[in-house]
Amino acid sequence: MNRDYTAESYDALASEYDMRWKGYIENTHQKLLGRLETRPSDRLLDISAGTGYLAKYLQQHEWEFDEFVLNDISSEMLDKAQEKVGPDGRYGYTEYRAEQMGFESNSFDQVISMNAFHNYLDQGAVIREVYRVLKPGGMFYLLDWNKTGLFRVVNYWIDKLTSETIQTISVDEVEELLRSYHFNIKHKETWHYRYWNLFFICATKPA
Ligand SMILES: C[S@@+](CC[C@H](N)C(=O)[O-])C[C@H]1O[C@@H](n2cnc3c(N)ncnc32)[C@H](O)[C@@H]1O
């Protein structure tokens, strides 16, 4: 693949990401944490884990699970996550593009994508890949920007000002895409945080 501007941009941002986006990260993760349910036998995969806020939170609050894989295309973001989590055998780290991951089919109980869907070059490929790696009955938690209303203008300027891939779509378009890849929608909500319009969808792979 050619030069990856998104990975480069996050590599450069990694050391200040947590401080700069603290309020936003907490707001969005509270939505996820209100719905996420884990069992002691669960294998979890965060396909764009960034600096590992979620992984660290589950560790600190002693959530039960068997394994948590943090995946991201930015090695600097993953290094921050690894520092934060420290030595803990339940956590693993991979650097696949979410569009094509080297995991076995039907191998994860829960897959998470937080604040990254707008960055994916091929969103359909990511959804197909998540469907492939989820076990039947497994849950996909997807949270990101919702390109509606005035946020369209904000999104336009974000796209102009960053070198990252920005391909934000609306929650209705995301839902349609998920359904076209055979996911069942279990929960869908939208809200605002500062100037962002956001959505959160929980979708299952049929058992
Ligand atoms: C805004 S950060 C979100 C990080 C974390 N999930 C959070 O909410 O704090 C977006 C992350 O998505 C990653 N990313 C972007 N495109 C990706 C892709 N195609 N595959 C995997 N990760 C990707 C970036 O490297 C970055 O770490």
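None of the values given here were measured: they were computed from a predicted structure. (Residues numbered from 1 in each chain as written. Predicted model: local features only at pLDDT ≥ 70, side-chain atom pairs only at ≥ 80, totals over all residues. Heavy atoms only, no water.)

What about the overall build of the protein?
Then comes step 1: A count of helices and strands for the protein gives seven helices and seven strands.
Then comes step 2: Element order for the protein, N to C, with α for helix and β for strand: α-α-β-α-β-α-β-β-α-β-α-α-β-β.
Then comes step 3: Over its C-alpha trace the protein gives a radius of gyration of 16 Å, about what one expects of a compact globule, namely 17 Å for 207 residues.
Then comes step 4: Overall, the protein is about 45 × 35 × 35 Å in size when its C-alpha atoms are taken along their principal axes.
Then comes step 5: Within the protein, buried positions represent 53% of all 207 residues.
Then comes step 6: Sequence-distant contacts in the protein: of pairs separated by 6 or more residues, those separated by 24 or more amount to 72%.
Then comes step 7: About 10100 Å² of surface is accessible on the protein, with carbon and sulfur atoms providing 47% of the total.
Then comes step 8: For the protein, the separation between the mean place of its 23 positive charges and that of its 32 negative charges on side chains is 4 Å. (Helix = DSSP H or I, 4+ residues; strand = E, 2+ residues; numbered from the N terminus. Rg over C-alpha atoms; globule rule 2.2 N^0.38 Å. Buried < 20%, exposed > 50% of the residue type's maximum accessible area, 1.4 Å probe, protein only. Contact = heavy atoms within 4.5 Å. Areas by Shrake-Rupley, 256 points an atom, 1.4 Å probe, with all protein chains shown as cover. Lys, Arg positive; Asp, Glu negative; His and termini not counted. Charge placed at Lys NZ, Arg CZ, Asp CG, Glu CD.)

Observations regarding the pattern of salt bridges
Then comes step 1: In this structure the tally under the stated criterion is 16 salt bridges.
Then comes step 2: Lys22 is paired through a salt bridge with Glu26; the nearest N and O atoms lie 3.2 Å apart. A residue pair is termed a helical-turn pair when its members lie 3 or 4 positions apart in one helix, as Lys22 and Glu26 do in helix 2 (residues 22-33) at four residues.
Then comes step 3: Residue classification places Lys22 among the partly exposed residues on the basis of a relative accessible area of 47%.
Then comes step 4: Arg39 is the partner of Asp109 in a salt bridge, and the nearest nitrogen-oxygen pair spans 3.8 Å. A residue pair is termed long-range when its members are at least 10 positions apart, and Asp109 in strand 4 (residues 108-114) and Arg39 in the loop between helix 2 and strand 1 (43-46) qualify at 70 residues.
Then comes step 5: Connected via shared salt-bridge partners are Arg39, Asp42, Asp109 and Lys135. (Salt bridge = Lys/Arg side-chain N within 4 Å of Asp/Glu carboxyl O.)

Some words on the side chain of Glu99
Then comes step 1: Along the polypeptide, Glu99 turns up in the loop between strand 3 (91-94) and strand 4.
Then comes step 2: For Glu99, a relative accessible area of 16% puts it in the buried group.
Then comes step 3: Within the structure, the side chain of Glu99 is placed 3.2 Å from the backbone nitrogen of Asp122, a separation counted as a polar contact.
Then comes step 4: In this structure, Glu99 is in contact with Tyr120, Leu121, Asp122, Ala125, Val126 and Glu129, ignoring residues within four places of it in sequence. (Polar contact = N/O pair within 3.5 Å; in protein donor to acceptor, adjacent residues only side chain to side chain.)

A short note on the site of the ligand
Then comes step 1: Taken together, 21 residues lie around the ligand, and Tyr17, Ser48, Asp72, Ala98 and Asn115 are the ones closest in.
Then comes step 2: Between the ligand and Glu99 there is a distance of 3.0 Å, counted from a nitrogen atom to a side-chain nitrogen or oxygen.
Then comes step 3: Here the shell around the ligand gets three residues from one element, more than from any other, and that element is helix 1 (residues 5-20). (Near = heavy atom within 4 Å.)

Description of the pairing of strand 6 (residues 184-193)
Then comes step 1: Bridging between strand 6 and strand 7 (residues 196-204) involves nine bridges; their strand directions are antiparallel. Bridging from a neighbouring strand, Glu189 pairs with Phe200 of strand 7.
Then comes step 2: Linkage of strand 6 to strand 7, two consecutive antiparallel strands, is achieved through a turn of two residues, within which Arg194 is found at a positive phi near 45 degrees. (Pairing = 2+ DSSP bridges.)

Considering the packing of aromatic side chains
Then comes step 1: In the structure shown here, the tally under the stated rule is 16 aromatic pairs.
Then comes step 2: Each ring, one from Tyr53 and one from Tyr57, has its centre 6.4 Å from the other, and the planes form 25 degrees; the classification is stacked. Linking Tyr53 with Tyr57, this pair stays in helix 3 (residues 53-60), spanning four residues, or about one helical turn.
Then comes step 3: Arranged with centres 5.8 Å apart and planes meeting at 80 degrees, the rings of Trp145 and Phe151 form a pair that is edge-to-face.
Then comes step 4: Each member of the aromatic cluster is reached from another via a ring pair, and the members are Trp21, Tyr24, Tyr193, Tyr195 and Trp196.
Then comes step 5: Positioned above the aromatic ring of Trp191, the side-chain terminus of Lys31 is 4.8 Å from the ring centre.
Then comes step 6: Of note, Lys205 hangs over the ring of Tyr131, and the distance from its end group to the ring centre comes to 4.9 Å. (Phe/Tyr/Trp six-rings, centres within 6.5 Å; stacked < 30°, edge-to-face > 60°. Lys NZ or Arg CZ within 6 Å of the ring centre and 35° of its normal.)

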